[in-house]
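Structural overview for review
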Amino acid sequence: MPSQGTIGDRVRGLRLSRRMSQAQLAGPDLSDSYVSLIESGKRTPTPVVARLLAERLGCTTEFLLHGIEPRQRIDTELGLRHAELELYHGDPAVAAERFGEIVKVAGEENAMLAAHARLGRARSLESQGRIGPAVEAFERLRREAAAHPERLADLPLTVALSRCYQRAGDTLRAYDLAVHALTQVNQLGLTQGEIAVDLAASLVESEAARTPNSQAMSYARRVLSVNGIPNALNRTAEIKALWQASITAAEGEDSALAVHLADDAIATGRPARMAFRLALIAMDWSRLTASVGGESLDEAHEFASLASKVFAPFPERVDEHAKAHIALAYVQLRSGHVDGAATLARAALEVLSGRPGTPFGATAHLVLSEVALTRGDKDVTAILHSAKEALGDQPYDLSGPDRDAARTWRELGDLYGQVGEGDEQMSAYRRALEAAGVRGAMVGVTVDSALVR
């Protein structure tokens, strides 16, 4: 276990255990008053001084600075890597537990390791959909970053909080954080890397992206243009093999090799993770662009086409694969290519076959409904009923809003209104408000569809 206390506590404890005076520890290189300042916590030894003191106290520099021996530290680093692999390629709930264990082992005297573990736990909570606890964790980390900027960077925490608040339904807080983060990245000229991609993803989800020429949409477009939407190879088997090899090396007490193999596994999965994020940004950007039309439809078509190819090699990414088809279908529809839109909507339904009750299946039916309206077909109402059935009758979780379902119910209500189905329209709008997290007595209330956009 790590040593308790500060660097000064460890220096004083080791000095007293070796029956040394401050002057003896200082020797010819330091003053006893300087040693006293270190022990009282008023000075932090430089790396050179720390090595000198460690030699005289008969301990490692690692122990003196961090309260942890080299083997303990590398084992803790390995624990962080394996928890990260659980987050990306395993079970986020298991990842949260492992990050929590590392926080306890690291302790406050190993603040950097503890901070990274707390960040990993917050990300794991978000990945599980536990948005409330995730917000609390990220807010604590942001306060820690303000007090100790050497431990944590504020910008990625701001981006994460914007994303979480948006998913929790607090759009005003999400917008304020997104604007703050956007100001920072613009000052840095940052359009590449994980922070830029995460921010772009958060922006296209937020209310900041509701207008085509907004700063949010412009930044997302720059990120897509600079990074492109690369193809993603399915290297899951390779990642799992490297991960297992790391576990085997750790069991054989070869911690250094275990860390190296874990790093290889994380790096192997990174290109696909980035491709997924960029594809999701492209889908949202293209869908929003298609909703307003204009000169960017060709670019939206290009981005959506590339995004639709990213998820196909990954069987576990069925929803995203279908969503990509639907985004491209909407672009085709707004461009006047109704036949292409219908083909893509049917392709989405085929991808989702056997998965009822998803908003993506319902959205595919909505595309087919708009195609039928454009063609003047008579079966529009039947297609709309299919969309309603795809959404299902289950109540929405009170723990947070379902953004995709809310938007789909609202669009269903709009289309019911176009075909003169007033009762169905009102019912759909009420369901949209429920999915958006709005509760209460809605009977007899006329609902404006703009409320759930």
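Residues numbered from 1 in each chain as written. Predicted model: local features only at pLDDT ≥ 70, side-chain atom pairs only at ≥ 80, totals over all residues. Heavy atoms only, no water.

A word on the pattern of salt bridges
Following the criterion strictly, the structure yields 23 salt bridges and no others. The partner of glutamate 126 in a salt bridge is arginine 163, and the shortest N-O contact between them spans 2.5 Å. Separated by 37 residues along the polypeptide, glutamate 126 in helix H8 (residues 111-127) and arginine 163 in helix H10 (residues 154-168) bring together distant segments of the chain. There is no split in this pair, since glutamate 126 and arginine 163 are both buried. One salt bridge in this structure joins aspartate 284 and lysine 323, with 3.6 Å as the shortest N-O distance. Note that aspartate 284 is positioned in helix H15 (residues 255-292) and lysine 323 in helix H17 (residues 318-334), a separation of 39 residues in sequence. With a relative accessible area of 8%, aspartate 284 lands in the buried category. (Salt bridge = Lys/Arg side-chain N within 4 Å of Asp/Glu carboxyl O. Helix = DSSP H or I, 4+ residues; strand = E, 2+ residues; numbered from the N terminus. Buried < 20%, exposed > 50% of the residue type's maximum accessible area, 1.4 Å probe, protein only.)

So, the packing of H17 against helix H19 (residues 359-375)
Axes are the key here: two packed helices are described by the angle between their axes and the distance separating the axes. One way to put it is that H17 packs onto H19 with a least axis distance of 10 Å and a crossing angle of 20°. It follows that H17 is roughly parallel to H19 by the angle criterion. The chirality of how H17 crosses H19 is left-handed. For the pair H17 and H19, contact is made by Asp319, Lys323, Ile326, Ala329, Tyr330, Leu333 and Arg334 and by Phe360, Thr363, Ala364, Leu366, Val367, Glu370 and Val371, respectively. Classifying every residue of the contact of H17 with H19 gives nine nonpolar, one polar and four charged. (Axes fitted to C-alpha atoms, helices over the stretch in contact; angles between N-to-C directions. Parallel < 35°, antiparallel > 145°, perpendicular 65-115°, else oblique. Left-handed = near helix turned anticlockwise from the far one by under 90°. Contact = heavy atoms within 4.5 Å. Nonpolar A, V, L, I, M, F, W, Y, C, P; charged D, E, K, R; others polar.)

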